[in-house]
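# An overview of the molecular structure
Below, each chain spelled out in residue letters.
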Amino acid sequence: MSAESVYAKQIISDLEAIEFETGSDIRKYTETVRKLSRALAMELEYSAQELEAALKDLPPEPGESARAVRSKARSIARHLRRSAEAQRTVGIEAVRTWGSMVKHFEHLIKPQKKRKTIDLNA
C-alpha cells in the first residue's frame, strides 16, 4: 500500500468523522475535501506520467512506427491527466461551498459588531 493511499484513507476517515453541527465543522469538511482532492490529483498526475512512460516503450505493431506508439501512450495517459484536473476542480468547488455558506448565512457565522450608542443627554 503506497503512502498516498494511506494518506487518502486517513483523510477519508477524518471526513467521515465530521458532523455538520457548526460553521467550523462545515469549514473543516470543505478544507479536508480540498486536501483529499489535491492528494488524489497528484497521485493521478504521477500515475499518468508512469503509464505514459511504460506504454511508449512497448514495441510497435508490424508496420507501425515508434512515433505512433508514443502518440497512443500520450492519448491513453491523457485520461488520467483529465481525471487529475477534475480532482483539482473538486477541491476548488468544495472550498467554494464554504464561501457560499459565508455569503448566504453571514449573519449566523460572523458575530455582529455592536454599535456604540451616543448619549445625547450628556
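In short, a report on the structure. (Residues numbered from 1 in each chain as written. Predicted model: local features only at pLDDT ≥ 70, side-chain atom pairs only at ≥ 80, totals over all residues. Heavy atoms only, no water.)

What follows deals with the packing of helix α2 (residues 23–56) against helix α3 (residues 66–109). At a minimum axis separation of 8 Å, α2 and α3 run at an interaxial angle of 175°. Judged by the angle between their axes, α2 and α3 are roughly antiparallel. (Axes fitted to C-alpha atoms, helices over the stretch in contact; angles between N-to-C directions. Helix = DSSP H or I, 4+ residues; strand = E, 2+ residues; numbered from the N terminus. Parallel < 35°, antiparallel > 145°, perpendicular 65-115°, else oblique.)

Position of serine 37 relative to the elements: it lies in helix α2. Exposure remark for serine 37: the relative accessible area of 3% places this residue in the buried category. (Buried < 20%, exposed > 50% of the residue type's maximum accessible area, 1.4 Å probe, protein only.)

Before going further, it helps to spend a moment on the packing of aromatic side chains. Per the stated rule, a full pass over the model turns up one aromatic pair. The interplanar angle of 70° and the centroid separation of 5.0 Å between the aromatic rings of phenylalanine 20 and tyrosine 29 together place this pair among those described as edge-to-face. Phenylalanine 20 gets classed as exposed once you look at its relative accessible area, which sits at 54%. Exposure remark for tyrosine 29: the relative accessible area of 28% places this residue in the partly exposed category. (Phe/Tyr/Trp six-rings, centres within 6.5 Å; stacked < 30°, edge-to-face > 60°.)

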